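The lines below spell out each chain.
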Number of protein chains: 2
Amino acid sequence: MTAKLYIVGTGPGDAELLTLKAVNILTSCSVIISPRGSLSGTSTALDIVRQVVNIKAKEVHELYFPMKKIHIGYDPDPEVLVAWRHAAETVLSCLDRGKNVCFPTLGDPAIYSTGYYLYETICGIRPETETVFIPGIPAMSSCSAALATPICLGDEMVAIIPATFSDDRIRDVLTRFDTVILMKVNRVLGRLSILLRECNMLEQAILVERAGMMGEKVFHRIDQIKEMPHYFSTIIIRKNSCSVKVLMN
Amino acid sequence: MTAKLYIVGTGPGDAELLTLKAVNILTSCSVIISPRGSLSGTSTALDIVRQVVNIKAKEVHELYFPMKKIHIGYDPDPEVLVAWRHAAETVLSCLDRGKNVCFPTLGDPAIYSTGYYLYETICGIRPETETVFIPGIPAMSSCSAALATPICLGDEMVAIIPATFSDDRIRDVLTRFDTVILMKVNRVLGRLSILLRECNMLEQAILVERAGMMGEKVFHRIDQIKEMPHYFSTIIIRKNSCSVKVLMN
């Protein structure tokens, strides 16, 4: 049997939002390789995992993944490439020793996740590597649950976009869609407040900071946020305040 | 203590994709009220739940929710309203007896889920009802994992839309977004094949039937599907085949 790599979504922060499958795979793998966003800090994904899985007997590598902008189609920053390459080689050397490797990643691997950069780097070195993806709860799902507000119902359309886009592109999407999920909002809140007021959508915009984590906060007026919120912040803009006519005559 | 209603996402079908939180809440509630799409059939959500939670000692109601199109902002079909009203009254009568009620719903309550129709009907009758939403793995996350293909990376934009929209609206979204998730595709596959070929995107469209369930199937050529696929089918169209340049010089 060839050893496998499992790229596992941990959900957005609450360890209870791990799936049974994630817990089973994390428990059975003898190696955990976990991303962290700073050279000295801890790995948020690993912090979630250790709340429900005993990792003491496991071989654990916390590897640094620099948090820099990635523009699809362009070369990433060289520092980023070095980090991906190092992580890929660490994974491959564990697989070569016959160890199954688990790579926990925050939220869902499908949505803006480090997991795919690792996967593609590995595919570039050794395309035949057996890799299994395990979905996790996306942050936006946790935000929606915290607000008791659906992302979409019936025949509604949803857009998910990075808030770092130009005002024109965001304005265009805000005009066309019923619900807009803005990701990576923390550094551009001032600009977003102005844009949303201009589009008459400031009151429909709700920011959730650290959805599903300790210290979760909900802001209903993003123009009144004084300090820069945490990196784990998402804005949901839902235009249809009443989702459907449910009362009978 | 007032009894509470928990609206719980079960994930797309694989019982192992239930979260620890969903299992804990389903285990602790003495009443389960579960939706089914036909008068005589079983509830798919309940079928998932019973694989990991012992429901024998629980009070279980399987209630019929007609699967009819809902246009947000318009009155739903009277048959649908009657069903929602009946479900809401069943929930409220259990809460009145001091029983916590769990309503399991397929996938994630945030995304095109029956859970919010129940919730809003209940809010219309008794707004003070305590309701907690527990997110689940969305079907699209499970599709992405099955295909080892991300929904979005870096600065990409995603749209989630019902495939029952007009060709013009779908074409417009296909032009503007990096990834498009088409929901509710099973009845309109012929039309979609023509449209996608016209947009030169037929080869990027992948259909996943029953993602994460027994009998999961992946179709890489949707124009060659002979029989109508199951209602639980999703198409992912990802334009960027190579997600990022990962190899170092």
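What you see is a predicted model; the values in this text were computed from it and never measured.

1. Comments concerning the interface of chain A and chain B
Listed per partner, the contact involves 73 residues of chain A and 73 residues of chain B. When the two sides are added together, the surface that chain A and chain B hide from each other amounts to roughly 6,500 Å², 64% of it contributed by carbon and sulfur. Taken together, chain A and chain B are joined by 4 salt bridges. A salt bridge links B:D14 to A:K21, with the shortest nitrogen-to-oxygen separation between them at 2.6 Å. Put simply, the parts of the chain that give the side of chain A that touches chain B at least two residues each are α1 (20–28), α3 (78–96), α4 (114–125), α5 (139–147), β6 (158–162) and α6 (167–176) of chain A. The dominant element in the side of chain A that touches chain B, judged by the number of residues it contributes, is α4(A), at 6 residues. Split by residue class, the side of chain A that touches chain B holds 44 nonpolar, 15 polar and 14 charged.

2. Brief notes about the pattern of salt bridges
Tallying each qualifying case throughout the model produces 28 salt bridges over all chains. In this structure, A:D47 engages A:R50 in a salt bridge whose closest nitrogen and oxygen atoms are separated by 3.6 Å. Its relative accessible area of 40% is what places A:R50 among the partly exposed residues. Beyond isolated ion pairs, a larger network of salt bridges with shared partners links A:D172, A:R176, B:D172 and B:R176.

3. Quick notes on the relation of the copies chain A and chain B
In this structure, two copies of a chain are linked by a rotation about an axis accompanied by a shift along it. Each copy superposes on the other: chain A lies on chain B with an RMSD of 0.0 Å after a rotation of 180 degrees and an axial shift of 0.0 Å. Within this description, the copies of the chain are treated as partners about a two-fold rotation axis.

4. Let's talk about the packing of helix α3 (residues 78–96) of chain B against helix α4 (residues 114–125) of chain B
Residue and element names in this part refer to chain B. Their axes nearest at 9 Å, the elements α3 and α4 cross at an angle of 70 degrees. As the angle between them shows, α3 and α4 are arranged roughly perpendicular. Regarding α3 and α4, the two cross each other, and that crossing is right-handed. Of the residues in α4, those touching α3 at W84, R85, A87, A88, E89, V91 and L92 are Y117, L118, T121, I122 and I125.

5. Re the sheet that holds strand β5 (residues 131–134) of chain B
Each strand in a sheet pairs with another by means of backbone hydrogen bonds, the pair being arranged parallel or else antiparallel. Residue and element names in this part refer to chain B. The parallel open sheet is built from 5 strands, whose spatial order is β3-β2-β4-β1-β5. Two strands in the sheet have a free side with no partner beyond their single neighbour: β3 (59–64) and β5. For this sheet, the mean inter-axis angle between neighbouring strands, taken without regard to orientation, is 20 degrees. As paired strands, strand β2 (residues 31–36) and strand β4 (residues 101–105) are joined by 2 bridges and run parallel to one another. Bridge pairing in β4 links V31 to V101. Each of β1 (5–9), β2, β4 and β5 touches helix α1 (residues 20–28); the most contacted strand, β1, lies at about 140 degrees to it. Across the face of the sheet, α4 comes into contact with β1, β4 and β5 while running at roughly 145 degrees to β4.

6. What to know about the packing of aromatic side chains
All names here are of chain A. Taken as a whole, this structure holds 13 aromatic pairs over all chains when the rule is applied. With a centroid separation of 6.0 Å and an interplanar angle of 90 degrees, the aromatic rings of Y116 and Y119 are classed as edge-to-face. Of this pair, Y116 and Y119 both sit in helix α4, 3 residues apart, which is roughly one turn of that helix. Under the relative-accessibility criterion, Y116 is labelled buried at 1%.

7. Structural notes on the sheet that holds strand β7 (residues 179–183) of chain A
Spatial ordering of the open sheet is given by β9(A)-β8(A)-β10(A)-β7(A)-β6(A)-β6(B)-β7(B)-β10(B)-β8(B)-β9(B), a layout of 10 strands whose pairing is mixed. If you trace the sheet from one side to the other, it starts and ends with β9 (217–219) of chain A together with β9 (217–219) of chain B, each paired once. Sheet twist, expressed as the average angle between the axes of neighbouring strands with direction ignored, equals 15 degrees. Pairing geometry for strand β6 (residues 158–162) of chain B and strand β7 (residues 179–183) of chain B, over 5 bridges, is parallel.

8. Focus: the pairing of β2(B)
All names here are of chain B. Within β2, 5 of the 6 residues are buried, which leaves it mostly tucked inside the rest of the structure. Across 6 bridges, the pairing between β2 and β3 is parallel. Its bridge partner being in β3, I33 is matched across the sheet by H61. In this fold, the crossover linking β2 to β3 by way of helix α2 (residues 44–49) has right-handed handedness.

9. Here's the deal with the confidence of the model for chain A
Detailed reading of predicted coordinates is not advised where the pLDDT is low. Residues and elements named next belong to chain A. On average, chain A scores 91 in pLDDT, and the residues at 70 or more come to 96%. Here residues 243–249 scores under 50 on pLDDT; set against residues more than four positions off or in separate chains, the count is 26 contacts. Scoring the predicted complex yields pTM 0.93 and, for the interface, ipTM 0.93.

10. Topic: the state of the cysteines
Think of a disulfide as a covalent bridge from one cysteine sulfur atom to another cysteine sulfur atom. Residue and element names in this part refer to chain A. Applying the stated criterion to the full structure yields 0 disulfides over all chains. No disulfide involves C94; its sulfur sits 11 Å from the nearest other cysteine sulfur, which is in C29. Here C94 falls in the buried class, since its relative accessible area comes to 0%.

The rules behind the values
The residue numbering used here restarts from 1 in each chain and proceeds along that chain's sequence as written. Lettering of chains starts at A and numbering of ligands starts at 1, both following the order in which they are written. Local features in this predicted model are restricted to residues of pLDDT 70 or higher, and side-chain atom pairs are both shown and tallied only at a pLDDT of 80 or more, whereas totals for entire chains, interfaces and linings draw on every residue. The side-chain figures draw on all heavy atoms in the structure; neither hydrogens nor water molecules are used. The contact criterion used is simple: two residues touch if any of their non-hydrogen atoms lie within 4.5 Å. Joining two parts hides part of their accessible area as seen by a 1.4 Å probe, and the buried area is that hidden amount summed over both. When a carboxyl oxygen of Asp or Glu lies within 4 Å of a side-chain nitrogen of Lys or Arg, that pair is called a salt bridge. By the criteria applied, helices consist of DSSP H or I runs no shorter than four residues and strands consist of E runs no shorter than two, each listed in order from the N terminus. Nonpolar residues are Ala, Val, Leu, Ile, Met, Phe, Trp, Tyr, Cys and Pro. Charged residues are Asp, Glu, Lys and Arg, and all others, Gly as well, are polar. Throughout, exposure labels follow a simple rule: accessible area from a 1.4 Å probe, protein chains only, divided by the maximum for the residue type, with under 20% read as buried, over 50% as exposed, and the rest as partly exposed. In superposing the copies, a least-squares fit is computed on C-alpha atoms, taking residues whose pLDDT is at least 70 in both. What counts as an axis is a line fitted to C-alpha atoms, over the stretch in contact for a helix, and the angles between N-to-C directions run from 0 to 180 degrees. We call two directions roughly parallel when the angle between them is under 35 degrees, roughly antiparallel when it is over 145, roughly perpendicular when it lies between 65 and 115, and oblique otherwise. By the definition used in this description, the sense in which the near helix is turned from the far one sets the handedness, with an anticlockwise turn below a right angle giving left-handed and a clockwise turn giving right-handed. Strand pairing follows a simple DSSP-based rule, namely that at least 2 bridges must link the two strands. Stacked, tilted and edge-to-face are the three classes applied to pairs of Phe, Tyr and Trp rings, where Trp contributes its six-membered ring and a pair requires centres within 6.5 Å; stacked means planes under 30 degrees apart, edge-to-face means over 60, and tilted covers the rest. Crossovers are described as right-handed under a simple rule: with the strands pointing away from the observer, the path leading from the first strand over the helix to the second runs clockwise. On a scale of 0 to 100, pLDDT captures the predictor's confidence in every residue. Cysteine sulfurs are considered disulfide-paired once they come within 2.5 Å of each other.

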